Amino acid sequence: MFKVFFILIFLIISSSKTLAKEIKGFPKVTDGDTIKINNNKIRLHGIDAPELNQNFLFNDKVWNCGKESKKFLINFINKKKISCKLIDKDRYKRHIGICFKDKINLNKKIVQEGWAIAYRYYSKDFVDDEKVAKINKSGIWKGDFEEPYLFRKKNK
């Protein structure tokens, strides 16, 4: 009887942790790879979008690719409810997650459309999607840009 009690307690604790690993709601887009649902800041897993103050050259003009990346994500979500499967937390205490609008993976979509790169340092999940965006010269791939992590490093 004692074993059964502990097994039940273990199952209850395990299932409550599983339930806590998903957040649903209407997000506020912070930038091209970060959203906020209620008080939960979520960094999109496996991708790296340009910083909001990051520019690049396109047709000999300076273009703010960071703001364009954010705008893409806002327009794609289009005030719809999303769900995020939480994987981890980063050093800034943000959740790391894979988010979905309906059944569309937002992380994958923003890389496919060229508004973020596959963040190889943390994941290889979106490398093929990045290759497609590069070939199609989509988003940031239509001009000369600096990878976001290099931009951050230079502009600390």
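Residues numbered from 1 in each chain as written. Predicted model: local features only at pLDDT ≥ 70, side-chain atom pairs only at ≥ 80, totals over all residues. Heavy atoms only, no water.

1. Considerations on the nonpolar core
Formed by 31 residues in total, the largest nonpolar core has its most connected members in Ile35, Ile42, Ile82, Cys84, Cys99 and Ile110. Here this core takes 5 residues from helix H2 (residues 65-77), the largest share from any one element. Leaving out residues up to four positions away in the same chain, Ile82 has contacts with Ile23, Lys24, Gly25, Pro27, Ile35, Ile37, Ile77, Cys99, Phe100, Lys101 and Leu106. (Core = buried A, V, L, I, M, F, W, Y, C linked by side-chain atoms within 4.5 Å. Buried < 20%, exposed > 50% of the residue type's maximum accessible area, 1.4 Å probe, protein only. Helix = DSSP H or I, 4+ residues; strand = E, 2+ residues; numbered from the N terminus. Contact = heavy atoms within 4.5 Å.)

2. A look at the packing of aromatic side chains
The final tally for this structure, using the stated rule, is 9 aromatic pairs. A ring pair is formed by Phe72 and Phe76, whose centres lie 6.1 Å apart and whose planes are at 15 degrees; its orientation type is stacked. In this pair, Phe72 and Phe76 both sit in helix H2, 4 residues apart, roughly one turn of the helix. Taken individually, Phe72 and Phe76 each receive the classification buried, so the pair is uniform in this respect. In this structure an aromatic cluster arises from ring pairing among Phe56, Phe58, Trp63, Trp115, Trp141 and Phe145. Positioned above the aromatic ring of Phe76, the side-chain terminus of Lys101 is 4.6 Å from the ring centre. The ring of Phe58 is capped by Lys142, whose NZ or CZ atom sits 5.2 Å from the centre of that ring. (Phe/Tyr/Trp six-rings, centres within 6.5 Å; stacked < 30°, edge-to-face > 60°. Lys NZ or Arg CZ within 6 Å of the ring centre and 35° of its normal.)

3. Focus: the side chain of Arg94
With respect to the helices and strands, Arg94 occurs in the loop between strand S8 (82-89) and strand S9 (95-101). Excluding residues that lie within four positions of it along the chain, Arg94 makes contacts with Thr34, Lys41, Arg43, Asp88 and Lys89.

4. Concerning the confidence of the model for the protein chain
With 87% of its residues at a pLDDT of 70 or more, the protein chain has an overall mean of 89. Confidence drops under pLDDT 50 across residues 4-19; counting only partners more than four residues distant or on other chains, this segment forms 0 contacts. (pLDDT = per-residue confidence, 0-100.)

5. Some thoughts on H2
Over its 13 residues, H2 runs 18 Å from end to end, which matches the ideal 18 Å to within 8%, given 1.5 Å per residue. Of the residues making up H2, those classed as buried are Cys65, Gly66, Ser69, Phe72, Leu73, Phe76 and Ile77. Looking down the long axis of H2, one finds its buried residues gathered within 120 degrees of arc, a one-sided arrangement. Opposite its buried face, H2 presents the exposed residues Lys67 and Asn75, each directed more than 90 degrees away. Its side-chain oxygen placed 3.1 Å from the backbone nitrogen of Gly66, Asn64 serves as the N-cap of H2. Looking one or two residues past H2, Asn78 carries a phi angle of roughly 50 degrees, positive in sign. (Expected span 1.5 Å × (residues − 1). Arc of directions from axis to C-beta. Polar contact = N/O pair within 3.5 Å; in protein donor to acceptor, adjacent residues only side chain to side chain.)

6. Points about helix H4 (residues 127-136)
Taken together, the buried positions of H4 are Val127, Asp129, Glu130 and Ala133. What you see down the axis of H4 is that its buried residues fit within an arc of 155 degrees, all on one side. Turned more than 90 degrees off the buried face of H4, the exposed positions are Asp128, Ile135 and Asn136. Of the surrounding elements, those touching the buried residues of H4 are helix H3 (106-112) and strand S11 (117-118).

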